[in-house]
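What follows is each chain in one-letter form.
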Amino acid sequence: DGVAAYSYAAPIVQGLFPDAEKFMTMVKHGYEPIFKNTKHSFGQVVDDGLGHPYQHVIITTSDGKRYEAVYVMQQQPDGSWKIAGVQMVEIPTTDA
């Protein structure tokens, strides 16, 4: 649901992608594992010590690859939390 996903983006992100369609195009092309995940689990929320929390999410894709996505959270003036960015890295397999 692109409209719902876009609603979770912080204003700084929405400023870069002024509508849900453009935002979802960016997600599909830049963060395909997030867009096409078959399984996800929420991990730790870590604070950087300056009041900026980071939400860790483990993502599994249909081909079995796993990724860690770290969402940068930003509190809004109304007290809600929005996503201000995400970094994603593939988790190496331990197959020997």
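Note on numbering: residues in each chain are counted from 1, in written sequence order. Given that this is a predicted model, residues contribute local features only at a pLDDT of at least 70 and side-chain atom pairs are listed and counted only at 80 or more, while totals for whole chains, interfaces and linings are drawn from all residues. Neither water nor hydrogens contribute to the side-chain values; these are computed over all heavy atoms in the structure.

S.K.: Account for helix α3 (residues 20-30), naming residues and giving values.
M.R.: Those residues of α3 that sit buried are A20, F23, M24 and V27. Viewed along the axis of α3, the buried residues span an arc of 95°, placing them on a single side of the element. More than 90 degrees from the buried face of α3, the exposed residues found are E21 and H29. The contact criterion used throughout is that any non-hydrogen atoms of two residues lie within 4.5 Å. Each helix is a run of H or I in the DSSP string that is no shorter than four residues. Each strand is a run of E no shorter than two, and both are numbered from the N terminus. As for α3, its buried residues are in contact with α1 (2-7), α2 (11-16) and α4 (32-35). Side-chain atoms alone can form a polar contact between residues adjacent in sequence; in general such a contact is a pair of N or O atoms within 3.5 Å, and within protein one must be able to donate a hydrogen while the other accepts it. Two to three positions downstream of the cap, the backbone nitrogen of E21 sits 3.1 Å from a side-chain oxygen, assigning the N-cap of α3 to D19. The buried label applies to any residue whose accessible area, calculated with a 1.4 Å probe on protein chains only, is under 20% of its type's maximum; exposed applies above 50%, and partly exposed to all values in between. The arc in question is traced by the directions running from the helix axis to the C-beta atoms.

S.K.: Outline the pairing of strand β3 (residues 66-75), listing residues and values.
M.R.: In the sheet, strand β2 (residues 53-61) pairs with β3 via seven bridges, with the strands oriented antiparallel. Note that in β3 the partner of Y54 across the bridge is V72. Strands qualify as paired when DSSP identifies two bridges or more between them. Linkage of β2 to β3, two consecutive antiparallel strands, is achieved through a turn of four residues, within which G64 is found at a positive phi near 85°.

S.K.: Give a detailed account of the pattern of salt bridges, specifying residues and quantitative values.
M.R.: In the sections that follow, a salt bridge refers to a side-chain nitrogen of Lys or Arg positioned within 4 Å of a carboxyl oxygen of Asp or Glu. The tally for this structure, following the rule as stated, stands at two salt bridges. Its salt-bridge partner being D19, residue K22 comes within 3.1 Å of it at the nearest N-O pair. The class of K22 is partly exposed, set by a relative accessible area of 46%. Residue E32 is joined to K36 by a salt bridge in which the shortest nitrogen-to-oxygen separation is 3.6 Å.

S.K.: Account for the layout of surface pockets, with residues named and values stated.
M.R.: Whether a set of points on the 1 Å grid over the protein atoms alone is a cavity depends on a 1.4 Å probe fitting there but being unable to get out, while an open set qualifies as a pocket with protein on both sides within 12 Å along at least five of seven lines; lining residues are those with an atom within 4 Å of a point. Grid points are joined across faces, edges and corners, and a volume is the space filled by probe spheres set on the points. Each pocket or cavity is described by its volume, and for the largest pocket that value is around 740 Å³. Here the nonpolar group is Ala, Val, Leu, Ile, Met, Phe, Trp, Tyr, Cys and Pro; Asp, Glu, Lys and Arg are the charged ones; every other residue, Gly included, is treated as polar. A per-class count over the lining of the largest pocket returns 21 nonpolar, four polar and one charged.

S.K.: Just give me the short version of the side chain of Q76, but keep the residues and values in it.
M.R.: Following the sequence through the fold, Q76 ends up in the loop between β3 and β4 (81-91). Dropping the residues within four chain positions of it, Q76 is found in contact with A10, P11 and K82.

S.K.: Talk me through the sheet that holds β3; I want residue IDs and the actual numbers.
M.R.: If you trace the four strands from one edge of the open sheet to the other, you get β1-β2-β3-β4, paired in antiparallel fashion. The sheet is open, and its two borders are formed by β1 (37-47) and β4, each paired with just one other strand. When strand polarity is set aside, the average angle formed by the axes of neighbouring strands in this sheet is 25°. Whenever a helix is involved, its axis is fitted only over the stretch in contact; in every case the axis is a line through C-alpha atoms, and angles between N-to-C directions fall within 0 to 180 degrees.

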